[in-house]
Amino acid sequence: MDAADVEADLVNILYTEDEIRAKLGELAATIEADYAGKDILIVGILRGAVMVMADLARAFHRHVEMDWMAVSSYGSGTKSSGVVRILKDLDTDITNRHVIVVDEIIDTGLTLSWLVSNLASRNPASLEICTLLRKPEALSMDVDVKYVGWDIPNEFVVGYGLDYQERYRNLRDIGTLAPHVYS
């Protein structure tokens, strides 16, 4: 879906598809250099990280293994319940593996902080985080993120995997959602 298809729903476009792919290429190159001579497992967080994970993996110039997790910290509404649940766990044993968790955005950090603690208890050789977007103003938990595409303002963004009520995930760009859509 192009931004023109939902133009009335967006305030602006923050990053185009080309800019996003270029940034993911930069992140992949940095990760490759940091892990030269080591096998890595990239773990995507479903569902939002699907686009980021796919394009990050394609940007590597080496083999990478991929696995997926689905976690939730939300109840029936839009506010966090404070309880994090694993909806889909890894299929791969990460003991002594170099693991990079890939997410599309870090907002409060609550879910990711819990997830990193959970994965660290499984004894990986190393554990790092890669995210396309981070909202520093929204962070309520301290989360050490080694690979960040962009820091963005605390605005409601959609596209490239980011959704509002399961819509806009397939928007090729990332844009700020207009308040009339969600208020």
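The present account deals with the structure reproduced in this document. (Residues numbered from 1 in each chain as written. Predicted model: local features only at pLDDT ≥ 70, side-chain atom pairs only at ≥ 80, totals over all residues. Heavy atoms only, no water.)

1. Structural notes on the sheet that holds strand β1 (residues 10-15)
Paired through backbone hydrogen bonds, the strands of a sheet run either parallel or antiparallel to each other.
Point 1. Overall, antiparallel pairing links the three strands, which are arranged β1-β9-β8 in an open sheet. Since the sheet does not close on itself, it has two edges, and those belong to β1 and β8 (157-158), each with one partner.
Point 2. Alignment of β1 against strand β9 (residues 174-177), held across four bridges, turns out to be antiparallel. Paired with Y15 across the bridge in β9 is I174. (Pairing = 2+ DSSP bridges. Helix = DSSP H or I, 4+ residues; strand = E, 2+ residues; numbered from the N terminus.)

2. Regarding the packing of aromatic side chains
Point 1. Here the structure, examined in full by the defined rule, presents four aromatic pairs.
Point 2. Look at Y15 and W150: their rings are 3.7 Å apart centre to centre, the planes differ by 10 degrees, and that puts the pair in the stacked class. With Y15 in strand β1 and W150 in strand β7 (residues 147-151), the pair connects residues that are 135 residues apart, well separated along the chain.
Point 3. Overall, the relative accessible area of 17% leaves W150 in the buried class.
Point 4. Plain terms: the ring middles of F156 and Y164 are 5.5 Å apart, the flat faces sit at 80 degrees to each other, and that makes the pair edge-to-face.
Point 5. You can call F156 partly exposed: its relative accessible area is 27%.
Point 6. An aromatic cluster of three or more residues is present, and its members are F156, Y164 and Y182. (Phe/Tyr/Trp six-rings, centres within 6.5 Å; stacked < 30°, edge-to-face > 60°. Buried < 20%, exposed > 50% of the residue type's maximum accessible area, 1.4 Å probe, protein only.)

3. Focus on unusual backbone geometry
Point 1. Cis peptide bonds are those with omega within 30 degrees of zero, and the linkage from L46 to R47 qualifies with 0 degrees.
Point 2. Take R47: it is sitting in the loop between β2 (40-46) and α2 (50-59).
Point 3. A positive phi angle is found at Y168, which is not glycine, with a value near 80 degrees.
Point 4. For Y168, the position within the fold is in the loop between β8 and β9.

4. A short note on the pattern of salt bridges
Point 1. Overall, the coordinates contain 15 salt bridges when judged by the stated rule.
Point 2. Taking the shortest distance from any N to any O, the salt bridge between K88 and D91 comes out at 3.4 Å.
Point 3. By relative accessible area, K88 is classed as partly exposed at 26%.
Point 4. Where salt bridges share partners, they join E17, R21, D55 and R58 into one cluster. (Salt bridge = Lys/Arg side-chain N within 4 Å of Asp/Glu carboxyl O.)

5. Some words on the pairing of β2
The side chains of a regular strand alternate, residue by residue, between the two faces of the sheet.
Point 1. For β2, the buried fraction is high: six of the seven residues fall into the buried class.
Point 2. As defined by bridge partners, β2 adjoins strand β5 (residues 98-106) across five bridges and the pair is classed as parallel. Along β5, the bridge assignment pairs V43 with V101.

6. Some remarks on the nonpolar core
Point 1. Counting residues in each nonpolar core, the largest one holds 28 residues, and the members touching the most others are L132 and L133.
Point 2. Those elements that provide at least two residues to this core are α1 (17-34), β2, α2, β5, β6 (126-134) and β7.
Point 3. Beyond its immediate stretch of four places on either side in the chain, L132 contacts I20, K23, L24, V52, D103, E104, G149, W150, Y160 and I174.
Point 4. The next biggest cluster of nonpolar side chains, apart from the first, holds 18 residues, and it includes L90, I106, L115 and V145. (Core = buried A, V, L, I, M, F, W, Y, C linked by side-chain atoms within 4.5 Å. Contact = heavy atoms within 4.5 Å.)

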